[in-house]
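Structural characterization, general
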Amino acid sequence: MVVKKICCVGAGYVGGPTCSVIALKCPEIHVTVVDLSKSRIDQWNSDKLPIYEPGLDEIVKQCRGRNLFFSTDIETAILEADLIFISVNTPTKTIGNGKGRAPDLKYVEGAARMIAEIAQSDKIVVEKSTVPVRAAESILKILSANQKPGVSYQILSNPEFLAEGTAINDLINADRVLIGGEESPKGKAAIEELCGIYEHWIPREKIFTTNTWSSELSKLAANAMLAQRISSINSLSAVCEATGADVSEVATAVGLDSRIGSKFLQASIGFGGSCFQKDILNLVYICECLNLPEVAAYWQQVVDMNEYQKSRFTAKVIQSLFNTVSGKTVTILGFAFKKNTGDTRETPAIHVAKTLLDEGATLKIYDPKVEEDQIYYDLTHPAVCESPETVKKAISVYHDAYSACENSHAIVLCTEWDEFKTLDYHKIYHVMMKPAYVFDGRKILDHQTLIDIGFHVQTIGKTLQRPLLTRFCGGNTCMH
Ligand code: NAD
Ligand code: UDX
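Report on the accompanying structure. Counting restarts for each chain, with residues numbered from 1 along the sequence as it is written. Note on labels: chains are lettered from A, ligands numbered from 1, in written order. Residues qualify for local features only when their pLDDT is at least 70, as the model is predicted, and side-chain atom pairs are given and counted only at 80 or more; totals for whole chains, interfaces and linings, by contrast, use all residues. Calculation of side-chain values draws on the structure's entire complement of heavy atoms; hydrogens and water are dropped beforehand.

Before going further, it helps to spend a moment on helix H5 (residues 106-118). The end-to-end C-alpha separation of H5 is 18 Å, in line with the 18 Å expected for 13 residues at 1.5 Å each. Three exposure classes are used, based on accessible area relative to the maximum for each residue type with a 1.4 Å probe and protein chains only: buried under 20%, partly exposed in between, and exposed over 50%. Where helices and strands are cited, they refer to DSSP runs of H or I of at least four residues and of E of at least two residues respectively, numbered from the N terminus. Here H5 has its buried residues at Val108, Ala111, Ala112, Met114, Ile115, Ala116 and Ile118. When checking whether two residues touch, look at their non-hydrogen atoms; a contact exists if any pair is within 4.5 Å. Structurally, H5 contributes buried residues whose contacts are with strand E1 (5-9), helix H4 (74-80), strand E4 (83-86), strand E5 (123-127), helix H6 (135-145) and strand E6 (153-157). Expected span of a helix, by definition, is 1.5 Å for each gap between consecutive residues, and there is one gap fewer than residues.

Structure, rendered in structure tokens:
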């Protein structure tokens, strides 16, 4: 089989960008991305794509209608495809057995059942979604149980390693592409077909092929180990704050060891995003099911440390504001889980906002890319609040940072957007209530300049000293 047509089931943060890059790099392959959500597909076919990702618009514009298509006609796309990516969501289960830890595979199962029902010819089915080890076995079971005569399937695991905000670069200049498959001749042939697609732009030595289970586990392991580094540096940030050490200096010193390396050692308010927590909990659950409680406890600690960091930071905000935010106005700068994305899944900003709202604060929120509706949705979700009407009254969303800071008692910076570094903080200081506070949850601001302006500044992993005069006058009557 030579792959001429690809279908991708799931037009999300992974399916959309991945298939756009495949279409760009393989002009002779016809790529159709399908989704059950008509509104999502309509957005992919419009000028305003459903996700913000630097570089994505240009690629979609170049390929859409040429060899890249977005459609709700799932049946035709599956019927015609030689190779099908399953890129559907695999969220943590919210009910039933494994609730709060196991991934909910209902969307993967749904996709497999659709393929089984529709397919009339041989297909290579590729798991792109992040799944538990041996999920390919379940997909194969569903496909085989519903197999039509003369139709055969090969299941491959091809986990995606892109990070949001840098997805296009991560896809075009991937560190590696991982493909797992059966060690049979047919399995090897299917692996070769998928290798052939990536070889349009990825050097062969960067395409690593393994057995299916190693590939599935490697994805969980990679995310667990990345998140572990963040939790490790965040745990040390607490030690820094208590001792006078500076976590940035510690991270640099530690990262200079070539065995450790400098990446993913940015202490922060805590990691967010749709993957890290979900995938570690998935790993924890697998370990529990395999009767490996010590291993499960080890990885659980990475998530627990992240919860601790988010709570520790928010407690510090409240404590600094004279231990009460009731009746105070707090500005949240940044709501996305990281810069260069509009995605808010598991963003630490939700934790911060929820805690401040529970304590009676009024919030003014600004993010350059998160839609207003999304912020309201996140903060009034039943998992976050009991009284949506009260929350709606207590929050307002702004379209620029300056108006979001007016008459506010404190700024809490939750996302490291570049534009926050270059705001005119003199101007902001003058429109804020005094004493004016800045809590830099991302360590991106020039703290000394802010202190010189008159702000009280707190950050992660470093204790900042205010000059005596400003400390003495407490900012209230200070002329700064
Ligand atoms: P997403 O929620 O953005 O997109 C998934 C899409 O699948 C949704 O639009 C949904 O409507 C669609 N869908 C679900 N069932 C369907 C079906 N039966 N038929 C057609 N469409 C269906 O999710 P995502 O962020 O793209 O993640 C997808 C998978 O990739 C997850 O397993 C995730 O863990 C993994 N992953 C995500 C990232 C990331 O940065 N977001 C990175 C690597 C891996
Ligand atoms: C992650 C993995 O990086 C990617 O390989 C995988 O495919 C999906 O999950 P993503 O969640 O999109 O990607 O972004 P990432 O850059 O990993 O950041 C995750 C969170 O960790 C963000 O909240 C980010 O701000 C935080 N982070 C990251 C830190 O707090 N410190 C760091 O040093 C790095």
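From this point on, the discussion continues.
One heavy atom suffices: a residue is near a molecule or strand as soon as one of its heavy atoms comes within 4 Å of it. Around ligand 1, the surrounding shell holds 26 residues, and the nearest of these are Asp35, Arg40, Thr90, Glu164 and Lys278. Within the backbone of Val14, an N or O atom sits 2.9 Å from an oxygen atom of ligand 1. Residues adjacent in sequence count toward polar contacts only when both atoms are side-chain atoms; beyond that, a polar contact is any pair of N or O atoms within 3.5 Å, and within protein one must be able to donate a hydrogen and the other to accept it. Between a nitrogen atom of ligand 1 and a main-chain N or O atom of Leu36, the distance comes to 3.4 Å. It is H5 that provides the largest number of residues to the shell around ligand 1, a total of 3 residues. The nonpolar class holds Ala, Val, Leu, Ile, Met, Phe, Trp, Tyr, Cys and Pro. Asp, Glu, Lys and Arg form the charged class, and all remaining residues, Gly among them, are polar. Looking at the shell around ligand 1 residue by residue, the classes come out as 11 nonpolar, 8 polar and 7 charged.

Further remarks concern the pattern of salt bridges. In what follows, salt bridge is the name for a side-chain nitrogen of Lys or Arg lying within 4 Å of a carboxyl oxygen of Asp or Glu. Going through the model one piece at a time under the given rule, you end up with 23 salt bridges. Arg204 serves as the salt-bridge partner of Glu192, at 3.1 Å between the closest nitrogen and oxygen. Linking Glu192 in helix H8 (residues 185-198) with Arg204 in the loop between H8 and strand E8 (207-211), this pair joins segments that are 12 residues apart in sequence. The partly exposed category is assigned to Glu192, whose relative accessible area is 41%.

Our next topic: a nonpolar patch on the surface. The patches reported here contain residues having more than 30% relative accessible area and no salt bridge. Joining distances are 9 Å for like charges and 5 Å for nonpolar side chains (Val, Leu, Ile, Met, Phe, Trp, Tyr). Under the convention used here, a 1.4 Å probe and the Shrake-Rupley method define accessible areas, while residue burial counts only the protein chains that appear. A cluster of nonpolar side chains, Leu290, Leu292 and Val295, forms an exposed patch at the surface whose accessible area comes to about 240 Å². Checked against the element boundaries, Val295 lands in helix H12 (residues 293-320).

Now for the pairing of strand E14 (residues 456-459). Being paired, for any two strands, means DSSP has found at least two bridges between them. Inspection of the sheet shows strand E13 (residues 437-440) paired to E14 by 4 bridges, in the parallel sense. The residue bridging Asp440 from the neighbouring strand is Thr459, located in E14. When the strands point away from the viewer and the path from the first strand over the helix to the second turns clockwise, the crossover is right-handed. For the crossover that starts at E13, traverses helix H18 (residues 447-453) and ends in the parallel E14, the hand is right-handed.

Attention shifts here to the packing of aromatic side chains. Pairing of aromatic rings covers Phe, Tyr and the six-membered ring of Trp, with a centre-to-centre limit of 6.5 Å; geometry is then stacked below 30 degrees between planes, edge-to-face above 60, and tilted otherwise. Applying the stated rule across the entire model yields 10 aromatic pairs. Between Tyr425 and Phe455 the ring centres are 6.4 Å apart and the planes differ by 80 degrees, which places this aromatic pair in the edge-to-face class. With a gap of 30 residues between them, Tyr425 in helix H17 (residues 425-431) and Phe455 in the loop between H18 and E14 connect regions that are remote in the sequence. Since its relative accessible area comes to 0%, Phe455 is described here as buried. Relative to Phe455, the ring of Tyr429 lies with its centre 5.0 Å away and its plane at 75 degrees, an arrangement referred to as edge-to-face.

With that out of the way, let us pick up the layout of surface pockets. A 1.4 Å probe that fits into a set of points on a 1 Å grid over the protein atoms alone but cannot get out defines a cavity; an open set with protein on both sides within 12 Å along at least five of seven lines defines a pocket, and lining residues are those with an atom within 4 Å of a point. Grid points are joined across faces, edges and corners, and a volume is the space filled by probe spheres set on the points. In this model, the second largest pocket occupies a volume close to 220 Å³. Considering the residues around the second largest pocket, the lining is formed by Met1, Asp122, Lys123, Ile124, Ser152, Tyr153, Gln154, Lys186, Ala189, Ala190 and Glu193. Counting residues per element, the ones that place at least two in the lining of the second largest pocket are E5, E6 and H8. Top contributing element to the lining of the second largest pocket by residue count: H8, with 4 residues. Partitioned by chemical class, the residues of the lining of the second largest pocket number 5 nonpolar, 2 polar and 4 charged.

Two elements in contact, helix H1 (residues 15-25) and helix H3 (residues 56-63), have axes separated by 9 Å at closest approach and are oriented at 50 degrees. Between H1 and H3, the crossing angle belongs to the class labelled oblique. Relative to H3, the crossing made by H1 is left-handed. On H3, the residues that touch Pro17, Ser20, Val21, Ala23 and Leu24 of H1 are Leu56, Ile59, Val60, Gln62 and Cys63. When grouped by side-chain class, the residues that make up the contact of H1 with H3 number 8 nonpolar, 2 polar and no charged. Each axis is a line fitted through C-alpha atoms, taken for helices only over the stretch in contact, and angles between the N-to-C directions span 0 to 180 degrees. For classification purposes, an angle smaller than 35 degrees is called roughly parallel, one larger than 145 roughly antiparallel, one from 65 to 115 roughly perpendicular, and anything else oblique. Here a crossing is taken to be left-handed if its near helix is turned anticlockwise relative to the far helix by less than a right angle, and right-handed if that turn runs clockwise.

Strands sit in the order E11-E10-E9-E12-E13-E14 across an open sheet of 6 strands; the sheet is parallel. Among the strands making up the open sheet, the edge pair consists of strand E11 (395-398) and E14. In this sheet, adjacent strand axes meet at a mean angle of 20 degrees when their direction is disregarded. Sheet analysis places strand E9 (residues 329-333) next to strand E10 (residues 362-366), joined by 5 bridges and oriented parallel. The residue of E10 that forms the bridge with Thr331 is Lys364. This element, helix H14 (residues 372-380), spans E10 and E11 of the sheet and lies at about 155 degrees to E11.

Among all residues save glycine, negative phi is the norm, and among peptide bonds the norm is trans. A cis amide bond links Lys434 to the next residue, Pro435, at an omega of 0 degrees. Following the sequence through the fold, Pro435 ends up in the loop between H17 and E13. In this model, Arg134 sits at a positive phi of 80 degrees, which is unusual for a non-glycine residue. You can see Arg134 is positioned in the loop between E5 and H6. Note on Arg134: relative accessible area 39%, which makes it partly exposed. Not every positive phi belongs to a glycine, and Asn407 is a case in point at roughly 60 degrees. With respect to the helices, strands and loops of the structure, Asn407 is situated in the loop between helix H16 (401-405) and strand E12 (410-413). Taking relative accessible area as the criterion, Asn407 reaches 49% and is therefore assigned partly exposed.

Moving on, we come to the site of ligand 2. Looking at ligand 2, there are 20 residues lining it, with Phe161, Leu162, Glu164, Ser268 and Arg442 nearest. Between ligand 2 and Glu160 there is a distance of 3.4 Å, counted from an oxygen atom to a backbone nitrogen or oxygen. Across the complex, the protein chains shield 91% of the 660 Å² of accessible surface that ligand 2 would expose by itself.

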